Amino acid sequence: MNKFRAAVEKNIERLEEYVPVVERVHGGTHPEFYDVRRVFDRMNGKIKEAEKNKPELDGEFKELREITDNYKIPQDTCETYEAVYEMIEEIDKAYRS
């Protein structure tokens, strides 16, 4: 299995659970997370459509790196917010390797 698929399988279920929670809890003070959710949902749809193939996600990861300032975790957030950025970054790095 390639690195990208391994990273997806390791993280996607938790991301599907955590992203909506972080959006609900932190979206008011971190409106950029609404964009993270939008891009994540689009990316996740492409991953599911591709099944075992590698989907075209260059644009989504580029957009996420811009939105998050290269996955920089805001000071006033919780461990779940931090975990979301770390998991997405892990998938991003695996995608580019």
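Residues numbered from 1 in each chain as written. Predicted model: local features only at pLDDT ≥ 70, side-chain atom pairs only at ≥ 80, totals over all residues. Heavy atoms only, no water.

A. Here's a closer look at the side chain of Thr 77. Looking at where Thr 77 falls in the secondary structure, it is placed in the loop between helix 3 (58–67) and helix 4 (79–96). By relative accessible area, which is 18% here, Thr 77 ends up buried. If we ignore the near neighbours within four places in the chain, the residues touching Thr 77 are His 26 and His 30. (Helix = DSSP H or I, 4+ residues; strand = E, 2+ residues; numbered from the N terminus. Buried < 20%, exposed > 50% of the residue type's maximum accessible area, 1.4 Å probe, protein only. Contact = heavy atoms within 4.5 Å.)

B. Local environment of the packing of aromatic side chains. The full count for this structure, using the stated rule, is six aromatic pairs. For the ring pair Phe 33 and Tyr 81, a centre distance of 5.1 Å and an interplane angle of 50 degrees mean the geometry is tilted. In this pair, Phe 33 is assigned in helix 2 (residues 32–50) and Tyr 81 in helix 4, connecting sequence segments 48 residues apart. Judged by its relative accessible area of 0%, Tyr 81 is buried. Here the aromatic rings of Phe 61 and Tyr 95 are separated by 5.3 Å at their centres, their planes lie at 45 degrees, and the arrangement is tilted. One end of the pair, Phe 61, is in helix 3; the other, Tyr 95, is in helix 4, with 34 residues separating them in the sequence. Pair check on accessibility: Phe 61 and Tyr 95 agree, each one buried. Among the aromatic residues, those joined into a cluster by ring pairs are Phe 33, Tyr 71, Tyr 81 and Tyr 85. Residue placement shows Lys 54 over the ring face of Tyr 95; its charged tip is 4.5 Å from the ring centre. (Phe/Tyr/Trp six-rings, centres within 6.5 Å; stacked < 30°, edge-to-face > 60°. Lys NZ or Arg CZ within 6 Å of the ring centre and 35° of its normal.)

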